[in-house]
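Residue-level structure breakdown
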Amino acid sequence: MSHHDIAYLPETPAHDAEIELINEEAFGPGRFAKAAYKIREGGGHDRALSHVAVVDGQVIASVRLTPIAAGEGEALLLGPLAVRPAFKNMGIGRKLVAIALETAREAGAGVVLLVGDQPYYGPLGFEIVPHGQIRMPRPVDARRLLAAELVPGALAKLQGDVLHASLVKRRESALAAVRVKKAQRG
């Protein structure tokens, strides 16, 4: 197999079952206890920003981006990134990360955040988030909380608890509705 045999495509609903199998194979049942999965429980990933690698019509790898927010900042959470064992160490994961970063940049995202290994992600543009700047919903080794800042200054806006962006928007809508009711009464 050559790299020319691999197609990198936007994710579609038709890929869901294969992606789930790849993630199960790569991370096992413990994946649901991780901090990143807790964030994803708040809402789905952005399918328009997520990609798969395909060989002969079969999904062999995938990467997803999920909208998140913390403090005054918004970002995208990268992951899961998973590659079928038979296709590891061929640069497919690195290529998917590069595609994800370019897609995030084109979508206007200022930061891409992930929980992962610095030796792997560092050369791809990720650095350790300053200790204590943000808090994940479950324990995370601070050395594994990494960010690629796509817009200068965007990382500094991320402060405090990291939530799925839809939860933040729902919370803001609820607070606005409460303010309107108070104003109407007042």
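Going by the structure above, here's the rest.
In this text the structure is predicted, and so the values were computed from the model without any measurement. (Residues numbered from 1 in each chain as written. Predicted model: local features only at pLDDT ≥ 70, side-chain atom pairs only at ≥ 80, totals over all residues. Heavy atoms only, no water.)

Thoughts on the layout of surface pockets
- Roughly 760 Å³ of volume is contained in the largest pocket.
- Lining the largest pocket are 31 residues, and of these Phe27, Leu81, Val115, Gly116 and Tyr121 lie nearest its centre.
- If you list the elements that add at least two residues to the lining of the largest pocket, you get α1 (16–27), α2 (35–40), β4 (73–83), α3 (92–106), β5 (111–115) and α4 (118–121).
- A total of six residues in the lining of the largest pocket trace back to one element, the largest contributor, which is β4. (1 Å grid on protein atoms, 1.4 Å probe; cavity = no way out; pocket = protein on both sides within 12 Å on 5 of 7 lines; lining within 4 Å. Points joined across faces, edges and corners; volume = space filled by probe spheres on them. Helix = DSSP H or I, 4+ residues; strand = E, 2+ residues; numbered from the N terminus.)

Quick notes on the nonpolar core
- Counting 27 residues, the largest nonpolar core has Leu65, Leu78, Ile92, Val112 and Phe126 as its most contacted members.
- Of all elements in the fold, only β2 (51–55), β3 (58–71), β4, α3, β5 and β8 (145–149) reach the threshold of two or more residues within this core.
- The dominant element in this core, judged by the number of residues it contributes, is α3, at six residues.
- Excluding residues within four positions of it along the chain, isoleucine 92 makes contact with Ile6, Tyr8, Ala53, Ile60, Ala61 and Phe87. (Core = buried A, V, L, I, M, F, W, Y, C linked by side-chain atoms within 4.5 Å. Buried < 20%, exposed > 50% of the residue type's maximum accessible area, 1.4 Å probe, protein only. Contact = heavy atoms within 4.5 Å.)

What to know about the pattern of salt bridges
- Tallied over the full model, the rule gives ten salt bridges.
- Two residues, glutamate 11 and arginine 47, come together in a salt bridge whose shortest N-O distance is 2.8 Å. Remark: arginine 47 occurs in the loop between α2 and β2 and glutamate 11 occurs in the loop between β1 (6–10) and α1; sequence separation between them is 36 residues.
- On the basis of relative accessibility, which here comes to 4%, the residue glutamate 11 falls in the buried class.
- Residue arginine 47 is classed as partly exposed on the basis of its relative accessible area, which comes to 26%. (Salt bridge = Lys/Arg side-chain N within 4 Å of Asp/Glu carboxyl O.)

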